[in-house]
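Chain and residue survey
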Amino acid sequence: MMRKFISLLVLLIAITSCEEDVKFNNPAVQGLRDNELWRASEFNAIIGLDNSLTIQASYGYEQLTLKTANITPGTYQLGVNETSKATYRIAADGISEEYQTGTDIGNGEIIINAQDTDVSKGYITGTFRFNAEDENGDVVNFQNGVFYKVRITQVQ
């Protein structure tokens, strides 16, 4: 009897200790910055009067800005012009570093996903990856970037 009780107690402890803490990032902006997870704590999307898109995401002293020439789903190449670009900025204690793509600067792409984007309902989804440079030619790399159901907060 005691052996059955102990077996039951061990089984009960084993079952209750196998609990998983699952966190859902819905919505989210995140990616791998220089191979380390970077996850924004605040973010929003803005549609310009010219139908352009700007996603602003921040984590502490770090700010990521993704701009596309249009809000239409599709692929927007970075490093080609100034209308579709990525900027990563760190500013703290009076010191600031800014990395960006632009005309013949850096490379990458922003993809707006048609499947999970609904501008009429006020959210946008897609992926991004880029290499951006600072004024000294140093590079920051973002890969496997995702913006998922980011709320469109305003139209400018």
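Structure: above.
Now for a look at the structure at hand. Residue numbering note: each chain is counted from 1, following its sequence as written. Where totals are concerned, whole chains, interfaces and linings use all residues; where local detail is concerned, this predicted model gives features only for residues with pLDDT of at least 70, and gives and counts side-chain atom pairs only at 80 or more. As a convention, hydrogens and water are excluded, and side-chain values are obtained from all of the structure's heavy atoms.

Here the focus is the pattern of salt bridges. We define a salt bridge as a contact between a side-chain nitrogen of Lys or Arg and a carboxyl oxygen of Asp or Glu at a distance within 4 Å. With the rule as written, the count across this model stands at three salt bridges. Where Glu62 meets Arg33, a salt bridge forms, and the shortest distance between an N and an O atom there is 3.5 Å. With Glu62 in strand S5 (residues 62-68) and Arg33 in strand S1 (residues 28-33), the pair connects residues that are 29 residues apart, well separated along the chain. When a residue's accessible area, from a 1.4 Å probe over protein chains only, is under 20% of the maximum for its type it is buried; when over 50% it is exposed; and in between it is partly exposed. For Glu62, a relative accessible area of 14% gives the class buried. When the shortest N-O distance is used, the salt bridge between Glu82 and Lys85 registers 2.8 Å. A relative accessible area of 46% places Glu82 in the partly exposed class. A run of DSSP states H or I qualifies as a helix once it reaches four residues; a run of E qualifies as a strand once it reaches two. Both are numbered from the N-terminal end.

Mapped onto the secondary structure, Asn44 falls in strand S3 (residues 42-47). Pairing of N or O atoms within 3.5 Å defines a polar contact, subject to two protein rules: one partner must be a possible hydrogen donor and the other a possible acceptor, and residues neighboring in sequence count only if both atoms are side-chain atoms. For Asn44, the side chain forms a polar contact with the side chain of Thr153, separated by 3.0 Å. We call two residues contacting when some pair of their heavy atoms lies within 4.5 Å. Apart from residues no more than four positions distant in its own chain, Asn44 is found in contact with Thr54, Ile55, Gln56, Val150, Arg151 and Thr153.

Soluble globular proteins tend to pack their nonpolar side chains together in the buried interior. Residue types Ala, Val, Leu, Ile, Met, Phe, Trp, Tyr and Cys, when buried and joined through side-chain atoms within 4.5 Å, form a set referred to as a nonpolar core. Counting 27 residues, the largest nonpolar core has Val29, Leu64, Leu66, Ile124, Phe128, Phe130 and Phe147 as its most contacted members. Of all the elements in the fold, those that place two or more residues in this core are S3, strand S4 (53-59), S5, strand S6 (74-78), strand S7 (85-92), strand S9 (107-112), strand S10 (123-133) and strand S11 (139-155). If one sorts the elements of this core by residue count, S11 sits on top with five residues. Among all residues touching Val29, those that are not within four sequence positions of it are Trp38, Arg39, Ala40, Phe43, Ala57, Leu64, Phe128, Val146, Phe147 and Val150.

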